[in-house]
Amino acid sequence: MKGHSALRLGRASIENQVYLITFTTHQRAPLFSELSSSQILARCIESRGVTKNSEVLCWVIMPDHVHLLLRLGVGDTLGNFVLRLKSSSTRRLELPHPVWARAYHDRAIRKEDDILPAARYIVANPLRSGIARKVGDYPYWNSVWL
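### Re the overall build of the protein
Phase 1 of the analysis: Scanning the protein for helices and strands turns up six helices and five strands.
Phase 2 of the analysis: Along the chain direction, N to C, the helices and strands of the protein fall in the order α-β-α-α-β-β-α-β-α-α-β.
Phase 3 of the analysis: Taking 15 Å as the expected radius of gyration for a compact globule of 146 residues, we find that the protein reaches 15 Å, a close match to that expectation.
Phase 4 of the analysis: Seen through its C-alpha atoms, the protein measures out along the principal axes to roughly 35 × 35 × 35 Å.
Phase 5 of the analysis: Within the protein, buried positions represent 47% of all 146 residues.
Phase 6 of the analysis: Counted over contacts in the protein with a minimum sequence separation of 6, partners at least 24 positions apart contribute 72%.
Phase 7 of the analysis: Taken as a whole, the protein presents about 8,200 Å² of accessible surface, with 52% of it coming from carbon and sulfur.
Phase 8 of the analysis: Within the protein, one finds 20 positive and 12 negative side-chain charges whose respective centroids are separated by 5 Å.

If you want it as structure tokens, here you go:
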């Protein structure tokens, strides 16, 4: 099994499980290099209409992808959460071309002790990519641990 189908293999949506989720823009276009686009996406990530019963613990918006740390809520699924976020942001961005790639990647954080290191990994993305020298220099992230 190859491509997007392989990402779905073994995927499970477990209530109260914490997941590291990553998804990219269509053809890795740097759509979120601009302030206005990133602000729209940030509002969608923080929106109760998107999160519903789930809780976004941490997120970062990179120019061509997004990382989220999500505690999945009662009655929610990973697929439904990602669909709500992608749909909401696509509508609000009002672009004449596709915004998101079809698939997404997820990894369950199985041990409580691994949640904070995963959050640090997420917020350090701009440092590793070279677009910021320190976390505080980069404006497109948030964390419940602030």
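### Details of the packing of aromatic side chains
Phase 1 of the analysis: The tally for this structure, following the rule as stated, stands at three aromatic pairs.
Phase 2 of the analysis: Relative to W100, the ring of F23 lies with its centre 4.9 Å away and its plane at 75°, an arrangement referred to as edge-to-face. Here W100 lies in the loop between α4 (78–93) and β4 (105–109) and F23 lies in strand β1 (residues 18–24), a separation of 77 residues in the sequence. One exposure class covers both F23 and W100, and it is buried.
Phase 3 of the analysis: When the centroid spacing of 5.4 Å and the interplanar angle of 90° are considered together, the rings of Y138 and Y140 count as edge-to-face. The burial state of Y138 is the same as that of Y140; both residues are buried.

### Overview of the side chain of D76
Phase 1 of the analysis: Residue position: D76 is located in the loop between β3 (65–71) and α4.
Phase 2 of the analysis: Setting aside its immediate chain neighbours within four residues, D76 contacts S13, T51, S54, F81 and R84.

### Observations concerning the nonpolar core
Phase 1 of the analysis: I21, F23, I45, L68, L69, F81 and L85 are the most contacted members of the largest nonpolar core, which has 44 residues in total.
Phase 2 of the analysis: If you list the elements that add at least two residues to this core, you get β1, α2 (35–46), β2 (55–61), β3, α4, β4 and α5 (115–123).
Phase 3 of the analysis: Here this core takes six residues from β2, the largest share from any one element.
Phase 4 of the analysis: F23 has contacts with H65, V66, L68, V82, L85, K86, W100, A103 and Y104, leaving out every residue within four places of it along the chain.

### Considering unusual backbone geometry
Phase 1 of the analysis: The backbone phi angle of N16 is positive, close to 70°, even though this residue is not glycine.
Phase 2 of the analysis: Position of N16 relative to the elements: it lies in the loop between α1 (4–8) and β1.

What counts as what
Starting from 1, residues in each chain are numbered consecutively following that chain's sequence as written. The predicted origin of the model limits local features to residues at a pLDDT of at least 70 and limits the giving and counting of side-chain atom pairs to 80 or more, whereas totals for whole chains, interfaces and linings rest on all residues. As a rule here, side-chain values come from all non-hydrogen atoms in the structure, and water together with hydrogens is ignored. Secondary structure is summarised from DSSP: a helix means a run of H or I of at least four residues, a strand means a run of E of at least two, and numbering begins at the N terminus for each. Values of the radius of gyration come from C-alpha atoms, whereas the globule rule sets the reference at 2.2 Å times the count of residues to the power 0.38. Three labels apply to residues, based on accessible area from a 1.4 Å probe with only protein chains included: buried if under 20% of the type maximum, exposed if over 50%, partly exposed otherwise in between. In this description, contact between two residues means that some pair of their heavy atoms is separated by no more than 4.5 Å. Shrake-Rupley sampling with a 1.4 Å probe provides the accessible areas, and residues are treated as covered by the protein chains on show and by no other component. His is not counted, nor are the chain ends; Lys and Arg add positive charge and Asp and Glu add negative charge. We put the charge of a Lys on NZ, of an Arg on CZ, of an Asp on CG and of a Glu on CD. Within 6.5 Å between ring centres, the rings of Phe, Tyr and Trp (the latter by its six-membered ring) count as paired, and their orientation is classed by plane angle as stacked under 30 degrees, edge-to-face over 60, tilted in between. We call a set of buried residues a nonpolar core when its members are Ala, Val, Leu, Ile, Met, Phe, Trp, Tyr or Cys and they connect through side-chain atoms within 4.5 Å of each other.

These results come straight from atomic positions and should not be treated as a statement about function.
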